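# Structural overview for review
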Amino acid sequence: MEMSSKLLEKAVAEISQLPGIGKRTALRLALHLLKQPEEHTRLLTESLQKMREDIRFCNSCHNISDTDVCLICANTSRDRTVICVVEDIRDVMAIENTSLFKGIYHVLGGKISPIDGVGPSQLNIVTLIDKVKAGGVKELIFALSSTMEGDTTNFYIYRQIKDYNIITSAIARGIAVGDELEFADEVTLGRSIIHRVPFENSIRSL
Ligand SMILES: [Zn+2]
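Residues numbered from 1 in each chain as written. Predicted model: local features only at pLDDT ≥ 70, side-chain atom pairs only at ≥ 80, totals over all residues.

You'll find the protein chain entered in an unreviewed UniProt entry as Recombination protein RecR, with Flavobacterium rivuli WB 3.3-2 = DSM 21788 given as the organism. The protein chain has a UniProt comment under Sequence similarities (unreviewed entry) that states "Belongs to the RecR family." As stated in UniProt under Function (unreviewed entry), the record for the protein chain gives "May play a role in DNA repair. It seems to be involved in an RecBC-independent recombinational process of DNA repair. It may act with RecF and RecO." (UniProt positions renumbered as here; feature names shortened; annotations may be inferred.)

## Looking at the overall build of the protein chain
Each helix and strand counted, the protein chain has nine helices and seven strands in total. Its C-alpha atoms put the protein chain at 70 × 35 × 35 Å along the principal axes. Of all 206 residues assigned to the protein chain, the portion counted as buried reaches 26%. When contacts within the protein chain are restricted to residue pairs at least 6 apart in sequence, those whose partners lie at least 24 apart make up 57%. (Helix = DSSP H or I, 4+ residues; strand = E, 2+ residues; numbered from the N terminus. Buried ≥ 20, exposed ≤ 12 C-beta atoms within 10 Å, placed from the backbone. Contact = placed C-beta atoms within 7 Å.)

## Concerning the UniProt feature "zinc finger region: C4-type" (unreviewed entry) in the protein chain
Under the UniProt annotation, "zinc finger region: C4-type" (unreviewed entry) lies at residues 58-73. The distance from the first to the last C-alpha atom of residues 58-73 is 8 Å, and the span holds 19% helix and 12% strand.

## Quick word on the pairing of strand β5 (residues 139-142)
Both faces of the sheet carry side chains from a regular strand, because those side chains alternate between them. As defined by bridge partners, strand β3 (residues 79-86) adjoins β5 across four bridges and the pair is classed as parallel. For Cys84, the partnering residue across the bridge sits in β5 and is Ile141. Examined bridge by bridge, β5 and strand β6 (residues 167-170) share four bridges and lie parallel to one another. Each bridged residue has a counterpart across the sheet, and for Glu139 the counterpart in β6 is Ile167. Since β5 and β6 lie parallel, the crossover through helix α7 (residues 148-161) that links them has a hand, and here it is right-handed. (Pairing = 2+ DSSP bridges. Right-handed = clockwise from strand over helix to strand, strands pointing away.)

## Details of the pairing of β6
In the sheet, β6 pairs with strand β7 (residues 197-198) via two bridges, with the strands oriented antiparallel. Opposite Ser169, over in β7, you have Pro198 as the bridge partner.

## Remarks on helix α5 (residues 89-98)
Burial in α5 covers these residues: Ile89, Asp91, Val92, Ala94 and Ile95. Positive backbone phi, approximately 60 degrees, marks Ser99, located one or two places after α5.

## Re the environment of Ile141
With respect to the secondary-structure elements, Ile141 resides in strand β5. Overall, Ile141 belongs to the buried group, with 22 C-beta atoms counted inside 10 Å. Taking the C-alpha atoms as reference points, Ile141 and Val82, separated by 59 residues in sequence, lie 7.5 Å from one another. Once residues within four sequence positions are removed from consideration, Ile141 is found in contact with Val82, Cys84, Val85, Ser169, Ile171 and Arg196.

Laid out in structure tokens, this is it:
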């Protein structure tokens, strides 16, 4: 398609880099912005720019945060003795949506996956083990997706903390094996946290 404006063409090319946005949708969005007051585009680009520049990771749980310690970790009404171990920041959001978990989180940043070249050292595992070793943790809840990589990661962590006097549990599998947490509906996910099982009972084939 030949466009009459190189500026529009460039904007469309950039927008269509976003996941799930094809050229057609990108064009529609760009034309939409052109019809709106200029202020809208300014606010949009400014907020994206600011988010990209200023957002950081929480020193404690590795969730995204505006400050050194995220709002969840800083919330004194949350139970700091119960830590829910998740793969990704999207999992924190999914569990927070259920409003049923009052502990804190630890975001690993992925799963151990030799095929993809992801080893334990590339994940936020050491800081989790250190938290357990430092004391003050009563329970770790493993809430990784129930895939081979998720199980391997859980077990890797479990082996290192099993001699410390804490409870280890895994979310109940109302969520089908292989399902990603973020796609589970709130009710199912909420139930799976409430009805969590001792970790030893959740080990399938390791
Ligand atoms: Zn945090």
